[in-house]
Amino acid sequence: MAASNARLLRRILRGFTGAARFYRNYYLCRPPERRPFKFCRPVGDRTSCSYEFSPNGSLFSVIPSAVVGFRWFSTLSEPLTGEDACERIYVLDAKVDAPVADASAADVDGDCDVPLSKAKAPVVRELIESEREAWSLLKRAVVNYSGSPVGTVAANDPTEVALNYDQVFIRDFVPSAIAFLFKGDSEIVRNFLLHTLQLQSWEKTVDCYSPGQGLMPASFKVRTVPLDGSNEAFEEILDPDFGESAIGRVAPVDSGLWWIILLRAYGKITGDYALQERVDVQLGIRLILNLCLTDGFDMFPSLLVTDGSCMIDRRMGIHGHPLEIQALFYSALRCAREMISINDGSKNLVHAINNRLSALSFHIREYYWVDMKKINEIYRYKTEEYSYDAINKFNIYPDQIPSWLVDWIPERGGYLIGNLQPAHMDFRFFSLGNLWAIVSSLATPKQAEGILNLFEDKWDDLMANMPLKICYPALEFEEWRIITGSDPKNTPWSYHNGGSWPTLLWQFTLACIKIGRPELAERAVTLAEKRISNDKWPEYYDTRTGRFIGKQARLYQTWTIAGYLTSKMLLDNPNMAAILTCDEDLELLEFCICGRRKSSRTKCSRLAARSQVLV
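From a predicted model like this one, the values you see are computed outputs, not experimental measurements. (Residues numbered from 1 in each chain as written. Predicted model: local features only at pLDDT ≥ 70, side-chain atom pairs only at ≥ 80, totals over all residues. Heavy atoms only, no water.)

Draft legend 1. Up close: the overall build of the protein. Looking only at helices and strands, one finds 23 helices and 16 strands in the protein. Across the 615 residues that make up the protein, the buried fraction comes to 57%. Considering only residue pairs separated by 6 or more positions, the protein has 69% of its internal contacts joining residues 24 or more positions apart. Looking at the protein as shown, the accessible area adds up to about 27,200 Å², and 52% of this sits on carbon and sulfur atoms. (Helix = DSSP H or I, 4+ residues; strand = E, 2+ residues; numbered from the N terminus. Buried < 20%, exposed > 50% of the residue type's maximum accessible area, 1.4 Å probe, protein only. Contact = heavy atoms within 4.5 Å. Areas by Shrake-Rupley, 256 points an atom, 1.4 Å probe, with all protein chains shown as cover.)

Below, the structure written as structure tokens:
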């Protein structure tokens, strides 16, 4: 859109009710659910489109329900079916006669005049054998509570002792939930969200010490116990694990973040925004945010956590400010900002969210990013700089640059490092953190392209025989002994220490589609299909190239199965990816709390890096 038209659009938006809030969400900066409605009518052999807004600044939604089979953004109860399904759209609570071309009609970035011959429905095809098997296994993994589905077990391996793999893990269930939602089965996801919310207030202690209020459990199990001490009557209960019985007794930081992300996805896919607006759900969101936004001793906007508090739940040297937590934290803050009800009681919280988002995005983009140019700068760093204008702010010693990185970093592209602390940069590449930085727009568009360029250039290292490496490279020799404590499960190129995890496929697919490079995802899925079913859906693979099934890997791992199914559905219907991603928010980048302070003690360090941040 031309600059003059953009200025005119801003003036018009100011006249609407709630303009101050809606102005932040105008379509140049916001995800699809905050964008203008694209209204299309046939004109000859073409479709003429215009953009409209609702009077209160909320969106109108185009629903390809005839093909997808469930509601995306509609709040109506009845689905679109029948021969005229593609001739009608749902607009909030009203039915309007108008043609719908396909899901791409909801994309405001496309051409306004779309030939009807090119307006194709999402792909509908017959499932291949591995997909049929995966759906059967996923349904078998469903856990019921009081007669209703509430989640899926971590694994259904009949050859191994269950341990805690018969429990429902919050992080593990996310790909299963997305697969169910895409298929139109929302009951299990709704039940999961509400029951885990009830567990949030559960009493949790380790040696008589209780963690902060708002903590979400890592997992829960449905148990049958005698009713009132009777041996004849029984009842089902949910038994959560907040880390009291976990290896290392570490509380899960990422569970609450994944819960918020999934809550947003549920609303966008089903149109059931009433769930988000419930008093108990709003309270749950605020408790998680209060726990994450609590002031402490840390000087950084990134979230300070202990080792083993995320997907890598064993000692792997990721304590401090690991990238995975920061990417999920940023995504959860953006999701929560969309869902939280604005009132007198939440205004301060929303203000705190905006401040943290602005500071966090700058911090990660500026200090975590490395490419050939940045590595060369670090190589020439001066140390012991005591001043407000220091270039080497964290006193990083150039000798920390590992020898493997010198030859590994490609000429094009780069990535976000695994961790940053005073005098320490963890240069390992962690897949989940980098992929979710793309999905949530924590990384700049240029950085996102660079990360996928890295995947393409280093395909043999990060994909090889089975995608995806959870991290690269593995800790070996004395470094492995010191950092992992000689962990017999995290031996070099195994499990979390450089193992290959097929469940990461769906996040890789999501990132590739967002950046417009689905061919990379198709290549990865095709690679996985060669073995994953024959190998009985293992949790992870070992060796540098992922040739062997993990030495302690469970078979029929549910999130391996669900990750594959979600990837296939995303590739069949790429428009669904927009439901799960966040677009670049330019206002966040422009906003800086320092600019509102009149103190002249020091200048805002962001000004020097402004050009890089806005890339």
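Picking up where we left off.
Draft legend 2. Quick peek at the pattern of salt bridges. On inspection of all chains with the given rule, the structure shows 21 salt bridges. Arg125 serves as the salt-bridge partner of Glu131, at 2.8 Å between the closest nitrogen and oxygen. The salt bridge involving Glu529 is made with Lys568; its shortest N-O contact spans 2.9 Å. With Glu529 in helix α19 (residues 518-529) and Lys568 in helix α20 (residues 558-572), the pair connects residues that are 39 residues apart, well separated along the chain. Judged by relative accessible area, which is 25%, Glu529 ranks as partly exposed. In this structure, a network of salt bridges that share partners links the residues Arg412, Glu449, Glu456, Asp457 and Arg517. (Salt bridge = Lys/Arg side-chain N within 4 Å of Asp/Glu carboxyl O.)

Draft legend 3. Geometry of the nonpolar core. With 158 residues, the main nonpolar core has Trp259, Leu289, Tyr415, Phe427, Phe455 and Phe508 as its most contacted residues. No other element matches the 11 residues that helix α10 (residues 323-339) contributes to this core. Every residue in contact with Phe455, bar those within four places of it in the chain, is listed here: Phe429, Ser431, Leu435, Leu462, Met463, Leu468 and Phe508. (Core = buried A, V, L, I, M, F, W, Y, C linked by side-chain atoms within 4.5 Å.)

Draft legend 4. Helix α7 (residues 254-270), seen in detail. For α7, built from 17 residues, the straight-helix expectation of 24 Å at 1.5 Å per residue is met to within 8% by its first-to-last C-alpha distance of 24 Å. The first or second residue beyond α7 is Gly271, which carries a positive phi of 80°. (Expected span 1.5 Å × (residues − 1).)

Draft legend 5. Examining the pairing of strand β13 (residues 424-430) more closely. Of all 7 residues in β13, 6 are buried; the element is thus mostly enclosed. Bridge count between strand β12 (residues 414-421) and β13: 4 bridges; the pairing is antiparallel. Looking at β13, one finds that Gln421 is bridged to His424. Hairpin remark: β12 followed by β13, antiparallel, with 2 residues in the connecting loop; positive phi at Ala423, about 60°. In the sheet, β13 pairs with strand β14 (residues 471-472) via 2 bridges, with the strands oriented antiparallel. In the strand pairing of β14, Phe430 is matched with Cys471. (Pairing = 2+ DSSP bridges.)

Draft legend 6. A look at the confidence of the model for the protein. With 76% of its residues at a pLDDT of 70 or more, the protein shows a mean pLDDT of 81. Throughout residues 10-120 the model reports pLDDT below 50, and contacts reaching past four residues in sequence, or to other chains, amount to 211 contacts. Here residues 607-615 is a poorly scored stretch, pLDDT under 50, and it has 16 contacts once near neighbours within four places are set aside; other chains count. (pLDDT = per-residue confidence, 0-100.)

Draft legend 7. Representation of the packing of aromatic side chains in the model. The full count for this structure, using the stated rule, is 21 aromatic pairs. Seen from their ring centres, Trp404 and Trp408 are 5.6 Å apart, and the 65° between their planes marks the pair as edge-to-face. Remark: Trp408 and Trp404 occur in helix α13 (residues 403-408); sequence separation between them is 4 residues, near one turn of the helix. By relative accessible area, which is 25% here, Trp404 ends up partly exposed. Residue classification places Trp408 among the buried positions, given a relative accessible area of 5%. Ring centres of Phe429 and Phe455 lie 5.4 Å apart, and the angle between their planes is 80°; this geometry places the pair in the edge-to-face category. (Phe/Tyr/Trp six-rings, centres within 6.5 Å; stacked < 30°, edge-to-face > 60°.)

Draft legend 8. Representation of the pairing of strand β9 (residues 219-226) within the structure. Note: strand β8 (residues 168-169) against β9, 2 bridges, orientation antiparallel. Its bridge partner being in β9, Val168 is matched across the sheet by Phe220. One ladder, built from 8 bridges, connects β9 with strand β10 (residues 234-241); its direction is antiparallel. Following the sheet pairing, Arg223 is matched in β10 by Ile237.

Draft legend 9. Looking closely at the sheet that holds β12. Ordered in space as β11-β12-β13-β14, the 4 strands form an open sheet in which the pairing is antiparallel. Looking at strand neighbours, the two that pair on one side only are β11 (369-371) and β14, the edges of this open sheet. As judged from the 3 bridges shared by β11 and β12, these two strands associate in the antiparallel manner. In the sheet register, Asp371 faces β12, and the bridge partner there is Gly414. With respect to the sheet, helix α12 (residues 372-379) is in contact with β11 and β13, its orientation differing from that of β11 by roughly 95°. (Axes fitted to C-alpha atoms, helices over the stretch in contact; angles between N-to-C directions.)

Draft legend 10. Quick look at the sheet that holds β8. What the 3 strands build is an open sheet, ordered β8-β9-β10; its pairing is antiparallel. Two strands in the sheet have a free side with no partner beyond their single neighbour: β8 and β10.

Draft legend 11. The arrangement of the environment of Tyr381 in detail. With respect to the element layout, Tyr381 can be found in the loop between α12 and α13. On a C-alpha basis, the gap between Tyr381 and Ile391 in space is 8.0 Å, while along the polypeptide they are 10 residues apart. Excluding residues within four positions of it along the chain, Tyr381 makes contact with Lys374, Ile391, Asn392, Ile396 and Pro398.

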